[in-house]
Structure formats: structure tokens, C-alpha cells
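# Report on the structure
Now for the letters of each chain:
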Amino acid sequence: MSREERIPRRILDRLKSWEGFLLVVLLVIITVNSLQSPAYLSVQNQINLFILSIEKIIVVLAMTFIIINAEIDLSVASMMGLAACTLAWLFERGTPVPAALAIGLLVGVLGGAFNGFWIARVGLPSLVVTLAMLIGYRGLARVLLEDRSIGGFPDWFDNMGQQALVGPFPLALILFFILVVLAVVILQYSGFGRYVYVIGNNREVARYSGVRVQRVKMTLFIASGTIAALAGLLFAARLGSVRGDMALGFELDIITMVLLGGVSIFGGSGSIYGVLLAILIILNLRNGMSLVNITGHVQTGVIGVLLILSVLVPNIAQYFRETLSRRRTIPSVSSD
Amino acid sequence: MNALIRRLRPEQIRELVLVLIILLTILFFGTQIENYYNARFFNRISTSVAIIAVVAVGQTLVVLTRNIDLSVGSIVGFTAYFVGQRLADNNEIAPLAAVLMAVGLGAAMGAFNGVLVSYGRVPAIIVTLGTLALYRTLLVEYSDAQTVLTADLPAWLLDLPRANIFSFNDLDLRVLVGGMLMVVLIFYLILRYLPFGRRLYAIGSNPEAARIAGFPSQRIVFLAFVLCGALAGLAGFMFLARFGNITVVAGLGLELASVAAVVVGGVNIFGGSGTVIGALLGAILINLLENSLIRWLAISEFWRDALLGMLILLAVAADAVIMSRVRDIWAHRALEEVEPDQYELESEGSGYVT
């Protein structure tokens, strides 16, 4: 087989893969949307569509690493709330905003390290630890702000979240693009990324092969906490005010995007490209549904169905493929 | 102490520790809060435990098979609203019919989860994350932003939460609580003595081995989801009875509360071990702490969730530490039992050398 023959086949295989399927779905959604509304393809609408969920999709990047590593972090949304509430609480007491921002990020680092300690060092299941902290961090956020809503931040802070920084792009979107590049490089092209996959595939084998499992997991949870805190602070800047129940329930949307991107909930497989496509699909789908006046609740339901179908359809396809190949082989065996 | 531990099964140790912690909690708050031991407090906690414990029993069945059901909160909300609305439309519906309607509706929703998990081979966390959103959406669409009002409900339903099986001084055993205890007892017996119950454990501790042993794993996991849905439906009915006013946010967050109860109750999140008694104790402990912390004057109400999260974590960490100790002791016992043989072999070996 020559090289020339292999390349088209490789492209074909790519298209048959999950990412290829997602790409087709995305193109269909974009086509339908642009036929529905002429406003859809405008630059402003395209940027808006990102901005409306920018905090979630920033956290999705970190969650991809965590789930590929065969763990889960349910506490991210609570951490977003906690970081924002820390900022508001400090601001209320006269701390300058830059210092409050730094402390908000530090809270994310510490919270992530706290999760990581119980998961990586003590060895408790991450589902349980982060479930407890989903309640715990949210509780702390409520302790800080009780039932108040705090706004009135300096103008530059509100502008940071609401106005464009470079060209038409606001700061959060630029940060997201930087994080995407970082995530792609680290996960797909670095040694650390390989470790993330190897541990996700088989933790014991990774440990016996000399991978520092605890350190990798610790790093991931600290990163997850920090990025969640960053997203929470950006959310505060975009909304211009902070409440104790900010970002409540975001963890489900975030996990949905990662799983739809083809990352196995059991770890070890999936890629950042699939997740990026899933992000685009969900954002464009929600935007398209909004354009035809479908309410938020129905949108959530549709995405729930999509999540289930994303695993069910390949399973059914595989089932039929197996039955077909069995039917093909059995007669040939009996005729021998 | 060690001798005692060896006599007990691991679940029993877990449950004893939980009972001990619950007693210590009650004693501690008794010294902190004036007039802590009164009947109203007991009644309030027992009624709110009733609903969460029924959901937690269903959750236990599913978690035992190495799965999870995150849609229970939405099922509780949907059944509470649906049955509430039927009853508001037609006050003549018999009580038993209303309960059966709730249970049946819940079972149907559980069956949908179960089909996808066991026959569609979609991981439970994905299916139920999807149906968590889907069932809630159905509720929002179905309700059309209307609320079920207490005033429209039949009188027997409104009296139900205050109805007693018996009372002792001011200490009441409510019908709802009695029903919950029945559910726990029934499922305790099923899990302990019926083949179906034992198979849940077998599938959870080693799905591959269970398959090779010829268990109809798919059907059993499917049934676990149906039962979990049915129990969530029953809890939906109890929710309706207790609160009367049902909006679209009914039962929101119950999925996490039930998982928390199950986990604190010592049911292994990776399947194969745990009991419904443990889940009940977990639910009691969480509720007791929640309600006591509010009344504890030293802290504000807003501290409740922050402390609750830490306590769940500590309960699980303590459980892990204690269980690994117990396992050591058991391993020791196993060693002691084989020791005579080993000794013989060793002496034979040394004899051979000399």
C-alpha cells in the first residue's frame, strides 16, 4: 500500500469517527439556523452566542481533562459561585478589586487542592468528594453573602465583562481562545496529556509504570478549581452583580457538553476536538432555538435527549453491525 | 473489641457506627440547645426524613448495581404535580388510586431510564443526567406555569401529614413515617433474603462474574431502575401530601440529597455493598444535622450547607478508614486460620534442608 492510498482512507476514517459525526451535526444545525434567520450568521450574533455561555465553556475545558482521567468534578459550579461571592464580600469591605480578584482565584486554587487531597491522597471516590463540596462550597458562598445581592463594582470591572476588548472580542472570549490552545497542546501533544489518558485507562497499570498518579490527579483538580474560580469571576464581571446562588446547576450543562463530545464517562478516551465540536453544537443549537422562540426549559430538555442519543445511537449501530456480521459468518461456518 | 468486630458483618459495623454517631449528635445538641428534646422537633424531622428516605431506598437499589439515578428529583416533582393536578380536578379519586397513580407514573419513568441503561447499554450517569433535564422539562411544559394549590386538594390528603398511627404523649408516629418504615422493612427483607436482592449485590460487586454465572443481568438492572422510579413516585405522592402547594421546582435537588444519604449510609458508590437500613440512617443523620444546626444559636442559618458538605465528606472518609481497619482484622483472622498448615509446610521444608 502506497502512502497516497492511505491518506483518503484516513480522512474517511476520521469522518466515520465520533468527531466526524459531530461535525456533520454541527453543519446541519448551522445550515438550518442560517435559513431560519438572516441575523444568525452576523458577527455580533456569533459572538453573543459564545458570550451567553462563556463561563460554562471555559469550565468545560478543565472538565474534559478530569473526565478523561476517569474522575468527575461536580463542585465546579459551586466554586464559580464561591469565587464570585468572595470577590463581592471583599469588595463590600473595601478591598480594592484587583486584590479581591487575586484572592478569588486563590480560593479556587485552595478549593481544588482540597478536593484533590481527598481524591488523590486519601483515595476517596471523586463523585462523593465533589458531591459533598458541591453542597459545601455553595454553602460557604451563602455564608459570605447570605441573601444579599452585591453590585456597584468599578466601571472598568463591569466593562471588562460587558464590552469588547480587542476588535469585537470581549476579554472572556479571548481568555477562552487562549485556554483552548493550551488545552489542545497539553492534552493532545504533551507528556502530561498522555499521563492523563493512561491513568484514565487503567490507574493501576499507570502506577506500576511509574506514572505519578497522585501528582497528576492533584494537578488536575487544582487546575479545575482555579479555572472554575476564573469563570466565576468573569461571570461576576458580565452580570455586574453577585448573589449566593450564582451559577447554580451549571455542573450538569458542563458535564453534558464533555460527554456529548465523545469523552467516555469511564475515562481514557475522547479528545478535546470532539468536546470543542460539542460546545459549538450546543451553543448553536440553543441560539437557533432561541431565534425561533423556543423557551429555555425546552432547550434544556432537547439537550438532555441529545445527550442520551449521543451514546444510544452508536450502541444501536454497533449492535446491528454485530448481528449482521454474525449472520454472515454463521452460514459460511455451517457450509464448511 | 477486635473479637467483637470479627463476629459482625461489615454492614453491621457501618450501621452501628452510624447509630452511634446519631446518638452522639443528639446528645451533643441536647447540651447546646435548650428544650432540644421536644416532640415537635421529632415530628418535624421524622416527616422530612420520610420523603428523602423513600427516595434513598430506591437510590440504594440502583447504586448497588453499580449505577446511579440522578433523575429521581425530577420524577418526584413530576408525579407530585401530576397527581396533585388530577386530585384538584377531581376530588372524588380514591386515596389508593392516587397512590397507585403516583407509583405507576414513577415506575414508567424509571422503566424509561432502565431500558436505556440495561438494554441500550448507555451509562446510567448519562441517561439519568439526560432524563433529569427531560422530566423537568416535561413538568414545566405540562404545568404551563400553573401551581397546584392546597385549597383545591381533597380534605383527606390535607389531613394525611398530620394523621397519626399512634401517639405517645406528644410523640407522634405519622402515617407518612409509618409508610416509610414499611418501605424500608420490605426492601430490607427483599435485599437480604430474595434471590433478586442478592443478585443486585452480585451484579454490583462483579458484573462480569454475574454474567458468566448466568444471571439475567439486564433484566435485574432494568427492574432496579423501575423500582427506583416507583419509589420516587411514592415519594412524589408524599411530597404532595406534605406541602400541598406544588410548583415546577418541586423535588429539585432531591437527586443529590438521596445520593448523599446513600453515601453517608455506607452504600458503596461503586456497587456491591450497603443496605437500605444504612440509607435510612444516612438520611436521618443528614436531616438531624440540618435541622439541629439551624436551631443551634451559635451559627447563622447560612452555615448549614457549608457544614453539611464537610460532614458528608468526613462521614465518608471515616467510613473508608474504619472499613480498611476492619478489613485488616479480617485478613488477620484469615491468616490465623491457615497458619497451622503453613507452619507444617515450613517445618517440613526446613527438615528437608537439614
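Residues numbered from 1 in each chain as written. Chains lettered and ligands numbered in written order. Predicted model: local features only at pLDDT ≥ 70, side-chain atom pairs only at ≥ 80, totals over all residues.

### Things to note about the overall build of chain A
Summing up its helical and strand segments, chain A has 15 helices and 4 strands in all. What you see for chain A is a C-alpha radius of gyration of 22 Å, in line with the 20 Å of a compact globule of 336 residues. Along the three orthogonal principal directions, the C-alpha set of chain A runs to about 85 × 55 × 40 Å. Within chain A, buried positions represent 46% of all 336 residues. (Helix = DSSP H or I, 4+ residues; strand = E, 2+ residues; numbered from the N terminus. Rg over C-alpha atoms; globule rule 2.2 N^0.38 Å. Buried ≥ 20, exposed ≤ 12 C-beta atoms within 10 Å, placed from the backbone.)

### Quick notes on the overall build of chain B
Check the secondary structure of chain B and you find 14 helices and 2 strands. Over its C-alpha atoms, taken along the principal directions, chain B stretches across nearly 95 × 55 × 35 Å. Residue burial in chain B is summarised as follows: out of 354 residues, 45% are buried.

### Describing the nonpolar core
The tendency in soluble globular proteins is for nonpolar side chains to be buried as a group. Grouped together as the largest cluster of nonpolar side chains are 208 residues, with contacts concentrated most on Met80(A), Ala84(A), Ala53(B), Val54(B), Val55(B), Leu231(B) and Ile312(B). Excluding anything up to four places from it in sequence, Val54(B) contacts Met180(B), Val183(B), Leu231(B), Leu234(B), Ala235(B) and Met238(B). (Core = buried A, V, L, I, M, F, W, Y, C linked by C-beta atoms within 7 Å. Contact = placed C-beta atoms within 7 Å.)

### Some words on the pairing of strand E1 (residues 164-168) of chain B
Residue and element names in this part refer to chain B. The buried fraction of E1 is low, at 0 of 5 residues. Bridge analysis of E1 against strand E2 (residues 171-174) gives 4 bridges, and the strand direction is antiparallel. Across the sheet, Phe166 pairs through a bridge with Leu173, a residue of E2. (Pairing = 2+ DSSP bridges.)

### Some words on the environment of Val62(B)
All names here are of chain B. Here Val62 shows up in helix H3 (residues 39-64). Residues Val62 and Gly229, spaced 167 residues apart in sequence, show a C-alpha to C-alpha distance of 10.0 Å. Ignoring any residue separated from it by four or fewer positions in sequence, one finds Val62 in contact with Asn67, Ile68, Asp69, Ala224, Phe225 and Cys228.

### Thoughts on the interface of chain B and chain A
With 36 residues of chain B in contact, the opposing surface of chain A contributes 36 residues. Of all elements in the fold, only helix H6 (124-143), helix H12 (254-264) and helix H14 (303-353) of chain B reach the threshold of two or more residues within the side of chain B that touches chain A. Taken together, the residues of the side of chain B that touches chain A sort by class into 27 nonpolar, 5 polar and 4 charged. (Nonpolar A, V, L, I, M, F, W, Y, C, P; charged D, E, K, R; others polar.)

### Digging into helix H5 (residues 76-92) of chain A
Residue and element names in this part refer to chain A. In this model H5 runs 24 Å from its N-terminal to its C-terminal C-alpha over 17 residues, within 8% of the 24 Å that 1.5 Å per residue would give. Along H5, 15 of the 17 residues are buried, which leaves the element largely enclosed by surrounding structure. Gly94 lies just past H5 and shows a positive phi near 90°. (Expected span 1.5 Å × (residues − 1).)

### Overview of the environment of Arg142(A)
On the secondary structure map, Arg142(A) appears in helix H7 (residues 126-145). Overall, Arg142(A) belongs to the buried group, with 23 C-beta atoms counted inside 10 Å. With residues near it in sequence (within four places) discarded, Arg142(A) still touches Gly244(A), Phe302(B) and Asp305(B).

### Details of the packing of helix H6 (residues 97-121) of chain A against helix H12 (residues 213-239) of chain A
All names here are of chain A. The geometry of H6 relative to H12 is characterised by a closest axis approach of 7 Å and an angle of 150° between their N-to-C directions. Considering their axes alone, H6 and H12 lie roughly antiparallel with respect to each other. Judged by the twist between their axes, the crossing of H6 over H12 is right-handed. Of the residues in the contact of H6 with H12, the class split is 15 nonpolar, 10 polar and 2 charged. (Axes fitted to C-alpha atoms, helices over the stretch in contact; angles between N-to-C directions. Parallel < 35°, antiparallel > 145°, perpendicular 65-115°, else oblique. Left-handed = near helix turned anticlockwise from the far one by under 90°.)

### A short note on helix H9 (residues 195-205) of chain B
Here H9(B) has its buried residues at Arg199(B), Leu200(B), Ala202(B), Ile203(B) and Gly204(B). Residues of H9(B) that are buried in the fold lie against H3, helix H8 (175-193), helix H10 (207-212) and helix H11 (217-243) of chain B.

### Let's talk about the packing of H3(B) against H11(B)
All names here are of chain B. Where H3 meets H11, the closest approach of the two axes is 7 Å, and the angle between their N-to-C directions is 170°. By the angle between their axes, H3 is roughly antiparallel relative to H11. Listed contacts from H11 to Thr47, Ala50, Ile51, Val54, Val55, Val57, Gly58, Gln59, Leu61 and Val62 of H3 are Ala224, Phe225, Leu227, Cys228, Leu231, Ala232, Leu234, Ala235, Met238, Phe239 and Arg242. For the contact of H3 with H11, the per-class residue count stands at 17 nonpolar, 3 polar and 1 charged.

### Topic: unusual backbone geometry
Of note, Asn293(A) is a non-glycine position whose phi angle comes to about 65°, a positive value. Note that Asn293(A) resides in the loop between helix H14 (272-291) and helix H15 (296-335). A tally of 6 C-beta atoms within 10 Å means that Asn293(A) is categorised as exposed. Of note in the backbone geometry, Arg121(B) takes a positive phi value of approximately 55° without being a glycine. Inspection of the secondary structure puts Arg121(B) in the loop between helix H5 (95-119) and H6. Look at Arg121(B) and you get partly exposed, because 15 C-beta atoms sit within 10 Å.

### A look at the confidence of the model for chain B
The predicted coordinates should not be examined in detail at positions where pLDDT is low. Considering every residue of chain B, the mean pLDDT works out to 85; 91% of them sit at 70 or more. Between residues 343-354 of chain B, whose pLDDT stays under 50, and residues either more than four places distant or in other chains, the model counts 0 contacts. (pLDDT = per-residue confidence, 0-100.)

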